[in-house]
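Listed below, chain by chain, are the residues.
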Amino acid sequence: DVKVTQSSRYLVKRTGEKVFLECVQDMDHENMFWYRQDPGLGLRLIYFSYDVKMKEKGDIPEGYSVSREKKERFSLILESASTNQTSMYLCASMVGGGNEQFFGPGTRLTVL
Amino acid sequence: AQSVTQLGSHVSVSEGALVLLRCNYSSSVPPYLFWYVQYPNQGLQLLLKYTTGATLVKGINGFEAEFKKSETSFHLTKPSAHMSDAAEYFCAFGNSGGGADGLTFGKGTHLIIQP
């Protein structure tokens, strides 16, 4: 069965902390994505990756970076967390264009 | 730039009634269109997708959607609502490469089923 897992379901951090959100997929997918979900705004694309070592900015990359050292793992990094980054973060993977994106369960991050 | 508009942040229907969730898109390129459902405290699950070919697309759980190019619409329907359909529904547009560059989502519609 297809699976995208995220390292934490809930996370509480302090302003200024460096935060790592981890995502792992077991489907050998080339494409991986990070979205944030906020009430009334839907999902917005932060970063995506076509392949190992590759990364592209999405619609709202400010304040975030990513790392993809292995095909199955895509990490989202908040270099210095701020309260406006309190949100639900969703990771997804896809085998190629025109196909389904498979989503993880999400990480609800609270920055105090 | 592409955009997706979902009409109605909340839709309430009675159990057994028709479900209609509206989605319009704007794009200068042929669209890849998706409907996803999100149950509480879960990730998103694909209901159905339109890429090319037949404009009436059937999905899981009895849902279907019709792609109408002239109206730039991709509305989601289900003939008879069930209590288990209560969830958040998202329409999404595949950016260039059929979504390989990410999806553009609507703001979501919360479907409420009245007993």
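Numbers given to residues run from 1 along each chain, matching the order in which its sequence is written. A letter from A marks each chain and a number from 1 marks each ligand, given out in the order of writing. Confidence filtering applies because this is a predicted model: local features only for residues at pLDDT of at least 70, side-chain atom pairs given and counted only at 80 or more, and all residues used for totals across whole chains, interfaces and linings. Based on all heavy atoms of the structure, the side-chain values leave hydrogens and waters out of the count.

Structural notes on the overall build of chain A
For chain A, the count of helices and strands is zero helices and 11 strands. In chain A, the succession of α and β elements from N to C terminus is β-β-β-β-β-β-β-β-β-β-β. C-alpha atoms define the radius of gyration in this analysis, and the globule rule sets the expected value at 2.2 Å times the number of residues to the power 0.38. Its C-alpha atoms give chain A a radius of gyration of 13 Å, within 12% of the compact-globule value 13 Å for 112 residues. Partly exposed describes any residue whose relative accessible area lies between the buried limit of under 20% and the exposed limit of over 50%, with all areas from a 1.4 Å probe on protein chains only and scaled to the type maximum. By the burial criterion, 50% of the 112 residues in chain A qualify as buried. Relative to all contacts within chain A whose residues are 6 or more apart in sequence, the contacts with residues 24 or more apart total 55%. Using a 1.4 Å probe, the Shrake-Rupley method yields the accessible areas, and only the shown protein chains count as cover for residues. When the accessible surface of chain A is split by element, carbon and sulfur atoms take 49% of a total near 5200 Å². In this tally, Asp and Glu contribute negative charge and Lys and Arg positive charge; neither His nor the terminal groups of the chain are included. For the purpose of locating charges, the reference atoms are NZ of Lys, CZ of Arg, CG of Asp and CD of Glu. Positive and negative side-chain charges of chain A, numbering 15 and 15 respectively, have mean locations separated by a distance of 6 Å. Only DSSP runs of H or I with at least four residues qualify as helices, and only runs of E with at least two residues qualify as strands; both kinds are numbered from the N terminus onward. Two residues form a contact once any of their heavy atoms are found within 4.5 Å.

Notes on the layout of surface pockets
Definitions used for this entry: grid spacing 1 Å over protein atoms alone; cavity, a set of points where a 1.4 Å probe fits but cannot get out; pocket, an open set with protein on both sides within 12 Å along at least 5 of 7 lines; lining residue, one with an atom within 4 Å of a point. Grid points are joined across faces, edges and corners, and a volume is the space filled by probe spheres set on the points. In this model, the largest pocket occupies a volume close to 410 Å³. In this structure, the largest pocket is lined by 22 residues; those nearest its centre are Q37(A), P39(A), Q38(B), E88(B) and F90(B). In terms of residue count, the dominant contributor to the lining of the largest pocket is strand β9 (residues 87-94) of chain B (three residues). Polar here means any residue other than Ala, Val, Leu, Ile, Met, Phe, Trp, Tyr, Cys and Pro, which are nonpolar, and Asp, Glu, Lys and Arg, which are charged; Gly is therefore polar. In terms of residue class, the lining of the largest pocket is made up of seven nonpolar, 11 polar and four charged.

Observations concerning the packing of aromatic side chains
Under the pairing criterion, centres of Phe, Tyr and Trp rings, with the six-membered ring standing for Trp, must be within 6.5 Å; the plane angle then separates stacked pairs below 30 degrees from edge-to-face pairs above 60, leaving the rest tilted. The tally for this structure, following the rule as stated, stands at 16 aromatic pairs over all chains. Both rings, one in F103(A) and one in Y36(B), keep their centres 5.4 Å apart while their planes meet at 80°; by these two values the pair is edge-to-face. You can see F103(A) sitting in strand β10 (residues 102-103) and its partner Y36(B) sitting in strand β4 (residues 32-38), one on each of two chains. Per residue, the accessibility class of F103(A) equals that of Y36(B), and both read buried. Taken together, F33(A), Y35(A), F48(A), Y50(A), F103(A), F34(B), Y36(B), F90(B) and F105(B) form an aromatic cluster joined through their ring pairs.

Looking at the environment of A100(B)
Here A100(B) is to be found in the loop between β9 and β10 (103-105). Ignoring sequence-local partners within four residues, the contact set of A100(B) consists of N31(A), F33(A), F48(A), Y50(A), M94(A) and G97(A).

Quick notes on the interface of chain A and chain B
When the parts of a complex come together, some accessible area is lost, and that lost area is often used as the size of the interface. Contact with chain A, which involves 23 residues of that partner, is made by 22 residues of chain B. At the boundary of chain A with chain B, total buried surface from both sides reaches about 1700 Å², with 51% on carbon and sulfur atoms. Salt bridge criterion: a side-chain nitrogen from Lys or Arg within 4 Å of a carboxyl oxygen from Asp or Glu. One can count zero salt bridges joining chain A with chain B. Here a polar contact means two N or O atoms within 3.5 Å. Within protein one must be a hydrogen donor candidate and the other an acceptor candidate, and residues neighboring in sequence count only if both atoms are side-chain atoms. Taken together, the links from chain A to chain B amount to six residue pairs in polar contact (both at pLDDT 80 or more). Elements supplying a minimum of two residues to the side of chain A that touches chain B: β4 (31-38), β5 (42-49) and β9 (87-94) of chain A. Of the residues assigned to the side of chain A that touches chain B, the class counts are 12 nonpolar, nine polar and two charged. A quick way to say it: buried area is the sum, across both parts, of accessible area lost when two parts are put together, with a 1.4 Å probe.

Examining the pattern of salt bridges
Any two side chains of opposite charge can pair if their charged atoms end up close together. Residues and elements named next belong to chain A. Using the criterion set out here, one finds eight salt bridges over all chains in the structure. Two residues, D28 and K71, come together in a salt bridge whose shortest N-O distance is 3.1 Å. With D28 in the loop between β3 (19-25) and β4 and K71 in the loop between β7 (65-70) and β8 (73-78), this pair connects stretches of sequence that are 43 residues apart. With a relative accessible area of 53%, D28 lands in the exposed category. Connected through salt bridges with shared partners, the residues R36, D38 and R44 form a single ionic network.

Remember that the coordinates give geometry; whether it matters functionally is a separate question.
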